[in-house]
Amino acid sequence: MLGKILIFTFFTSLVTSQQNECVITEFSQVETVVTHCTNIIITNLTVPAGEALILDLQDGSRVLFEGNIIFEVAYWLGHLVQVTGNNVLVEGAPGSILNAQGEKYWDGMGGNGGVTKPKFFNIATSGGSVFRNIYLLNCAHFCVRVAANDTHLYGWTLDVNAGNLNGGLNTDGFGISHANNVIIEDSVVMNQDDCVAVTSGNNLTFRNLQCYGSHGLSFSMGSSSMDNDNGITKNVTFRDCLVANGLYGIHLKTKRGRGLVTDVTYENIKLSGITEDGIYINQDYMDIGNIRRPFKIKNLKISNVYGSINGNLARPVHIVCNEDTCSDWNWSDINIIGTGRSYCNYLPLGFSC
Ligand SMILES: *[C@@H]1O[C@H](CO)[C@@H](O)[C@H](O)[C@H]1NC(C)=O
Ligand SMILES: *[C@@H]1O[C@H](CO)[C@@H](O)[C@H](O)[C@H]1NC(C)=O
Ligand SMILES: *[C@@H]1O[C@H](CO)[C@@H](O)[C@H](O)[C@H]1NC(C)=O
Ligand SMILES: *[C@@H]1O[C@H](CO)[C@@H](O)[C@H](O)[C@H]1NC(C)=O
Ligand SMILES: *[C@@H]1O[C@H](CO)[C@@H](O)[C@H](O)[C@H]1NC(C)=O
């Protein structure tokens, strides 16, 4: 009884009389507010070391980030922010920043060693949820994981620019797995790994993304075991994007395991200052030269990919298919300028290597 009264008093003190908003300024308030309130403002919050900001939201909730949200340093796996809910709206106010303080973890080893680094922001929402205008600074490891249904992200900035000179690695931008009907658009990524990495999902659209310093607009398919079935990933489109100053522009990589990725479209992709391959499709990922794997890539449309790659070794196009696993590729208007030679062991319709 006493507990109830205390929580009630505490809770009402957080609700401003006029708009029924609940303001969170201390970490200890998060759980109570999230379970009682649907109009939430998180202002200048410090999340203690080793804790996650868990937003297990009620249907239809709105969350607004204001000011600086800082995550204190601890060597654990994260995610630092975890959002679940149906039909929720999560947004950043102008000038707001969520800061993972990656610079205090980076050691040039990413996820492969050194200190344990937390992943940053996990989205597992559904039902017409929207995440907009969110600025993430200095991801220690992966920035955003989207494992959501019917969810729309736009106006994001993933700013891991400082990692270029300070040992940032595996700072993937948007990682997509088990996601259906997701659109990510009008966003900027500055990082040291894939700008987007699709590992599984259906009905995914990426539009008007600008990627700087990344490893490109990627798929990372297949599992590490040959026996595992990674299922079907279908209907994925990348459109109207810029990839600048990175290793690859477009990178579709498959590993071991069974599975199929089909109905993939890349359209209107501008490249600039790419150092390895403009378009790199390789089915021998993580075992270079092994092209006897079963993973399939079907109906891959690439059109209007243009721009520049740098250096004598950079290849405009580089295709390494397995035996009989690539089919129905239809490409057009590939105009990638560079001095290196393309290599293809499979020829898409409409493209001469
Ligand atoms: C957040 O903190 C900054 C810097 O201390 C301050 O200028 C700003 O007014 C605070 N924001 C809010 C909404 O209290
Ligand atoms: C998304 O839909 C799939 C398939 O229906 C389901 O397995 C998964 O749990 C859903 N995820 C969320 C976050 O609702
Ligand atoms: C993909 O979109 C189509 C067309 O809207 C829809 O029929 C299908 O159910 C969607 N697939 C999934 C897995 O949600
Ligand atoms: C493909 O996915 C998009 C959403 O990303 C959807 O609008 C479209 O209807 C889907 N197309 C098919 C054929 O399922
Ligand atoms: C290949 O794409 C071109 C251009 O989009 C289109 O005109 C042509 O019909 C396609 N061919 C096949 C076999 O799908």
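Looking at an unreviewed UniProt entry, the protein chain carries the name endo-polygalacturonase, with the source organism given as Psylliodes chrysocephalus. Taken directly from UniProt, the Catalytic activity (unreviewed entry) text for the protein chain runs: "(1,4-alpha-D-galacturonosyl)n+m + H2O = (1,4-alpha-D-galacturonosyl)n + (1,4-alpha-D-galacturonosyl)m." As its UniProt record puts it under Subcellular location (unreviewed entry), the protein chain is described as follows: "Secreted".

Per the secondary structure count, the protein chain includes two helices and 28 strands. For a compact globule of 353 residues, the expected C-alpha radius of gyration is about 20 Å, and the protein chain comes in at 22 Å, within 12% of that figure. Within the span of the protein chain, comprising 353 residues, buried residues form 52% of the whole. When contacts within the protein chain are restricted to residue pairs at least 6 apart in sequence, those whose partners lie at least 24 apart make up 67%. Split by element, the accessible area of the protein chain, about 14900 Å² in all, is 49% carbon and sulfur. Where the 22 positive side-chain charges of the protein chain centre and where its 31 negative ones centre are 7 Å apart.

In this section: the packing of aromatic side chains. The full count for this structure, using the stated rule, is 13 aromatic pairs. Seen from their ring centres, W329 and Y346 are 4.8 Å apart, and the 65° between their planes marks the pair as edge-to-face. One end of the pair, W329, is in strand β27 (residues 326-337); the other, Y346, is in the segment after β28 (343-344), with 17 residues separating them in the sequence. An aromatic cluster is present here, built from F121, F131, W156 and F174 joined pairwise through their rings.

Here the focus is the site of ligand 2. As a matter of local geometry, ligand 2 sits amid A124, T125, S126, A147, N149 and N180. At a separation of 2.4 Å, an oxygen atom of ligand 2 approaches a polar side-chain atom of N149. Isolated, ligand 2 exposes 360 Å² of accessible area, and the fraction of that covered by the protein chains is 38%. When residues of the shell around ligand 2 are assigned to their parent elements, the largest contribution, three residues, is made by strand β10 (residues 119-126). Residue composition of the shell around ligand 2, grouped by class: two nonpolar, four polar and no charged.

On to the pairing of strand β21 (residues 229-244). Across eight bridges, the pairing between strand β19 (residues 201-212) and β21 is parallel. If you follow R207 over to β21, its bridge partner there is R239.

In this structure the tally under the stated criterion is five disulfides. Between the sulfur atoms of C22 and its disulfide partner C37 the distance amounts to 2.0 Å. Disulfide C22-C37: the torsion about the S-S bond is 90°, which places it as right-handed. In this pair, C22 is assigned in strand β1 (residues 22-24) and C37 in the loop between α2 (30-36) and β2 (39-43), connecting sequence segments 15 residues apart.

This brings us to the nonpolar core. Counting 88 residues, the largest nonpolar core has F65, F121, W156 and W331 as the members making the most contacts within it. Ignoring anything within four residues of it in the chain, the contact list for W331 reads I279, I281, L300, I302, V317, I319, P348, L349, G350 and F351.

Right, let's talk about the sheet that holds strand β4 (residues 53-56) for a bit. Taking strand neighbours across the sheet as the criterion, the eleven strands line up as β4-β7-β10-β13-β16-β18-β20-β22-β24-β26-β28 in an open arrangement whose pairing is parallel. With partners counted over all chains shown, the strands left at the sheet margins are β4 and β28, one partner each.

As for its position among the elements, T254 is in strand β22 (residues 248-254). In terms of polar contacts, T254 uses its side chain to reach the side chain of Q283, at 3.3 Å. Among all residues touching T254, those that are not within four sequence positions of it are M221, N282, Q283, D284, Y285, R293, F295 and I297.

As a further point, take the side chain of K255. Residue placement: K255 occurs in the loop between β22 and β23 (258-274). As a buried residue without a salt bridge, K255 has its nearest oppositely charged side chain in D194, at a separation of 9.4 Å.

This part is about unusual backbone geometry. Put simply, G78 and H79 share a cis peptide bond, and its omega is 5°. Backbone geometry at Q101 places phi at a positive 60°, although glycine is not the residue there. Secondary-structure assignment places Q101 in the loop between β9 (97-99) and β10. Phi angles above zero are rare outside glycine, and D324 is one such case at about 60°. Tracing the chain through its elements places D324 in the loop between β26 (315-320) and β27.

Next up on the list: the pairing of strand β24 (residues 277-282). In terms of burial, β24 is largely enclosed, as six of its six residues are buried. Pairing geometry for β22 and β24, over five bridges, is parallel. Residue K253 lies in a different strand from β24, and its bridge partner there is N282. Summarising the sheet, β24 and β26 pair through five bridges and their orientation is parallel. Along β26, the bridge assignment pairs D277 with R315.

Cut-offs used in this document
- Residues numbered from 1 in each chain as written.
- Chains lettered and ligands numbered in written order.
- Predicted model: local features only at pLDDT ≥ 70, side-chain atom pairs only at ≥ 80, totals over all residues.
- Heavy atoms only, no water.
- UniProt positions renumbered as here; feature names shortened; annotations may be inferred.
- Helix = DSSP H or I, 4+ residues; strand = E, 2+ residues; numbered from the N terminus.
- Rg over C-alpha atoms; globule rule 2.2 N^0.38 Å.
- Buried < 20%, exposed > 50% of the residue type's maximum accessible area, 1.4 Å probe, protein only.
- Contact = heavy atoms within 4.5 Å.
- Areas by Shrake-Rupley, 256 points an atom, 1.4 Å probe, with all protein chains shown as cover.
- Lys, Arg positive; Asp, Glu negative; His and termini not counted.
- Charge placed at Lys NZ, Arg CZ, Asp CG, Glu CD.
- Phe/Tyr/Trp six-rings, centres within 6.5 Å; stacked < 30°, edge-to-face > 60°.
- Near = heavy atom within 4 Å.
- Polar contact = N/O pair within 3.5 Å; in protein donor to acceptor, adjacent residues only side chain to side chain.
- Nonpolar A, V, L, I, M, F, W, Y, C, P; charged D, E, K, R; others polar.
- Pairing = 2+ DSSP bridges.
- Disulfide = S-S within 2.5 Å.
- Core = buried A, V, L, I, M, F, W, Y, C linked by side-chain atoms within 4.5 Å.
- Salt bridge = Lys/Arg side-chain N within 4 Å of Asp/Glu carboxyl O.

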